[in-house]
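Per-entry structural report
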Amino acid sequence: MIEMKNLLLVGEQDGVKGDFNTLISMMNYVRYTTLEAIKYITVEELDYLHSPTGNTIGMLLTHMAGVEYWYQLNTFENRDLNSEEEAKWLPGLDLDEGARESIKGNDANYYITLLDEIREDTYAKFNTLSDEWLYEKSEFGRSQATNYFKWFHVFEDEINHRGQIRMIRKLYKNT
C-alpha cells in the first residue's frame, strides 16, 4: 500500500537509497493515481468493452502488471519470457482478441493484488542494486537504453493506460 506521507516529495522515500529514491517516488505517485482511477469500480466496469477491438480496464491493469514483469526479466535477469510465462502474460501484454476473451470476470482486488505483487518484487530487487546499475546500458529495440530509462518507461506506460482507464469509465457511465 502506498502511503501519503511522502507521496508528493520526490526523492524522500523511507529506507530507499540514492537515485532509486527518485525512481520509486515517481513510480509510487503513478501507482497511487492509477489506484484512485479504479476506486469503487465494479466488475461490469472492469469488463466493459466500448468497441469490438478495444481494451477493457481489466485488460489494461493486467497489461500494466505484465509490462512491469517483463521489465523485471529484461533488466534483472537479462532475458525474455519463457513458454510458461508467455502463457500467463502474453494476453495482457498483447491486448488482443485472446485478452478480450480471457481477461474478464475479476474484481478490482484481483487486479490490485496482481499489481501489488509485481511491484513488491520490483522494489525488493531494487533494494539489492546500486545506483550504478540504473545507468548501465543495454540493447533496447534498435538503440541502447539505461535501466533507468527502462523503468521510467514502465510507469510512463502506466500513465498512458491510466488515461485510457479514465476514458473507459466515462464511456461506461454514459451507456
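In the block above lies the structure referred to throughout.
As a starting point, this report considers the structure included with it. (Residues numbered from 1 in each chain as written. Predicted model: local features only at pLDDT ≥ 70, side-chain atom pairs only at ≥ 80, totals over all residues. Heavy atoms only, no water.)

**A word on the pattern of salt bridges**
A full pass over the atoms with the stated rule returns nine salt bridges. One salt bridge connects Glu-97 with Arg-100, and the closest N-O pair in it is separated by 3.2 Å. Remark: Arg-100 and Glu-97 occur in helix H5 (residues 97–102); sequence separation between them is three residues, near one turn of the helix. The class for Arg-100 is buried, based on a relative accessible area of 13%. One network of salt bridges, in which partners are shared, links Arg-31, Glu-68, Arg-119 and Glu-158. (Salt bridge = Lys/Arg side-chain N within 4 Å of Asp/Glu carboxyl O. Helix = DSSP H or I, 4+ residues; strand = E, 2+ residues; numbered from the N terminus. Buried < 20%, exposed > 50% of the residue type's maximum accessible area, 1.4 Å probe, protein only.)

**Let's talk about the packing of aromatic side chains**
With the rule as written, the count across this model stands at 17 aromatic pairs. Measuring from centroid to centroid gives 5.7 Å for Phe-76 and Trp-133, while their planes differ by 40°, and the two rings are tilted. Of the two residues, Phe-76 is situated in helix H3 (residues 57–77) and Trp-133 in helix H7 (residues 131–134); the sequence distance between them amounts to 57 residues. Trp-133 carries the same exposure label as Phe-76, and that label is buried. Each residue in the set Phe-20, Phe-76, Tyr-123, Phe-126, Trp-133 and Trp-151 is aromatic and connected to the rest through ring pairs, giving one cluster. (Phe/Tyr/Trp six-rings, centres within 6.5 Å; stacked < 30°, edge-to-face > 60°.)

**A short note on the pairing of strand E2 (residues 143–146)**
With four bridges connecting them, strand E1 (residues 137–140) and E2 associate as antiparallel partners. Paired with Phe-140 across the two strands is Ser-143, which belongs to E2. Joining the antiparallel neighbours E1 and E2 is a turn of two residues, in which Gly-141 adopts a positive phi near 65°. (Pairing = 2+ DSSP bridges.)

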